[in-house]
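Chain by chain, the residues:
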Amino acid sequence: QVQLVESGGGLVQAGGSLRVSCAVSGRTVSSYAMGWFRQAPGKEREFVAAITRSGSSTYYADSVKGRFTIARDNGKNTVYLQMNSLKPEDTAVYYCAIRLGIYGLETPFTTQNEYSYWGQGTQVTVSS
């Protein structure tokens with residue numbers, strides 16, 4: 001059974017930093033592509049960041065490029081999203097997701113329907 005558990009969300013002031021984590025069980029993160037999405041109140045869930053199966057390539061939404069970094073720790077079977085220079089518009093529930101199946105080492109996945117399993121989400125609130 002595949003489970004993803006996010007943690008590390010919280011309240012932070014604008015300009016601050018936060019790191020959210022996604023602990024995975026049932027699958028090895030080093031073997032699969034993973035992504036982070038977010039959903040703000042009244043809005044649809046949107047893509048934030050993705051890391052390819054190889055771990056060598058990362059992709060970001062334009063709104064977070066240069067401020068957020070996705071990374072994984074194979075030893076801890078965990079994927080992280082480091083968020084710097086946070087803005088009030090970054091306030092949302094952040095979800096991680098894993099893409100199972102067979103695909104290329106460098107294939108990026110940036111849309112929700114490409115992912116197989118999701119975590120329950122962690123709230124990030126940025127105050128102005």
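Above this text is the structure in question.
Definitions and limits used
- Residues numbered from 1 in each chain as written.
- Predicted model: local features only at pLDDT ≥ 70, side-chain atom pairs only at ≥ 80, totals over all residues.
- Heavy atoms only, no water.
- Helix = DSSP H or I, 4+ residues; strand = E, 2+ residues; numbered from the N terminus.
- Rg over C-alpha atoms; globule rule 2.2 N^0.38 Å.
- Buried < 20%, exposed > 50% of the residue type's maximum accessible area, 1.4 Å probe, protein only.
- Contact = heavy atoms within 4.5 Å.
- Pairing = 2+ DSSP bridges.
- Axes fitted to C-alpha atoms, helices over the stretch in contact; angles between N-to-C directions.
- Disulfide = S-S within 2.5 Å.
- Salt bridge = Lys/Arg side-chain N within 4 Å of Asp/Glu carboxyl O.
- Phe/Tyr/Trp six-rings, centres within 6.5 Å; stacked < 30°, edge-to-face > 60°.
- Core = buried A, V, L, I, M, F, W, Y, C linked by side-chain atoms within 4.5 Å.

1. Quick notes on the overall build of the protein
Then step 1. On a plain count of helices and strands, the protein comes out with zero helices and eleven strands.
Then step 2. Traced from its N-terminal end to its C-terminal end, the protein shows the element sequence β-β-β-β-β-β-β-β-β-β-β.
Then step 3. Relative to a compact globule of 128 residues, whose C-alpha radius of gyration would be 14 Å, the protein shows 14 Å and is just as compact.
Then step 4. Principal-axis analysis of the C-alpha atoms places the extent of the protein at approximately 45 × 30 × 25 Å.
Then step 5. The burial tally for the protein puts 43% of its 128 residues in the buried class.
Then step 6. Once local pairs closer than 6 in sequence are excluded, the contacts in the protein between residues at least 24 apart make up 61%.

2. Description of the sheet that holds strand 1 (residues 3-7)
Then step 1. Strand order across the open sheet formed by four strands is 1-3-8-7, with antiparallel pairing between neighbours. Because the sheet does not close on itself, it has two edges, and the strands there are strand 1 and strand 7 (68-73). Ignoring strand direction, the axes of neighbouring strands in this sheet form an average angle of 15°.
Then step 2. Pairing of strand 3 (residues 18-25) with strand 8 (residues 78-83), which is carried by six bridges, proceeds in the antiparallel orientation. In the sheet register, Leu-18 faces strand 8, and the bridge partner there is Met-83.

3. With respect to the state of the cysteines
Then step 1. Applying the stated rule across the entire model yields one disulfide.
Then step 2. Disulfide pairing places Cys-22 opposite Cys-96 at an S-S distance of 2.0 Å. Linking Cys-22 and Cys-96, the disulfide has an S-S dihedral of approximately 60° and is accordingly described as right-handed. With a gap of 74 residues between them, Cys-22 in strand 3 and Cys-96 in strand 9 (residues 92-99) connect regions that are remote in the sequence. Residue Cys-22 shares its accessibility class with Cys-96, and that shared class is buried.

4. Quick look at the pattern of salt bridges
Side chains bearing opposite charge may pair, as long as their charged atoms lie close to each other.
Then step 1. Enumeration according to the criterion identifies four salt bridges in this entry.
Then step 2. Residue Arg-38 is joined to Asp-90 by a salt bridge in which the shortest nitrogen-to-oxygen separation is 2.9 Å. Note that Arg-38 is positioned in strand 4 (residues 33-39) and Asp-90 in the loop between strand 8 and strand 9, a separation of 52 residues in sequence. For the pair shown, Arg-38 and Asp-90 are each scored as buried.

5. Re the packing of aromatic side chains
Then step 1. Taken as a whole and assessed by the stated rule, the structure comprises six aromatic pairs.
Then step 2. Arranged with centres 5.7 Å apart and planes meeting at 75°, the rings of Phe-37 and Phe-47 form a pair that is edge-to-face. A residue pair is termed long-range when its members are at least 10 positions apart, and Phe-37 in strand 4 and Phe-47 in strand 5 (residues 46-51) qualify at ten residues. In terms of burial, Phe-37 and Phe-47 fall into one category: buried.
Then step 3. Measuring from ring centre to ring centre gives 5.5 Å for Phe-37 and Tyr-115, while their planes differ by 80°; the resulting arrangement is edge-to-face.

6. Describing the pairing of strand 11 (residues 122-127)
Then step 1. Burial along strand 11 is one-sided: Thr-122, Val-124 and Val-126 are buried, while Gln-123, Thr-125 and Ser-127, pointing the other way, are not.
Then step 2. In this sheet, strand 11 lies alongside strand 9 in antiparallel orientation, the contact comprising three bridges. Opposite Tyr-94, over in strand 11, you have Thr-122 as the bridge partner.

7. Overview of the nonpolar core
Then step 1. Of all hydrophobic cores here, the largest spans 38 residues; its most connected members are Met-34, Trp-36, Leu-81, Met-83 and Tyr-94.
Then step 2. When residues of this core are traced back to their parent elements, those giving at least two are strand 3, strand 4, strand 5, strand 7, strand 8, strand 9 and strand 11.
Then step 3. Other than its neighbours up to four places away in sequence, Tyr-94 contacts Glu-6, Trp-36, Phe-37, Arg-38, Val-48, Phe-68, Leu-81, Met-83, Gly-121, Thr-122 and Val-124.

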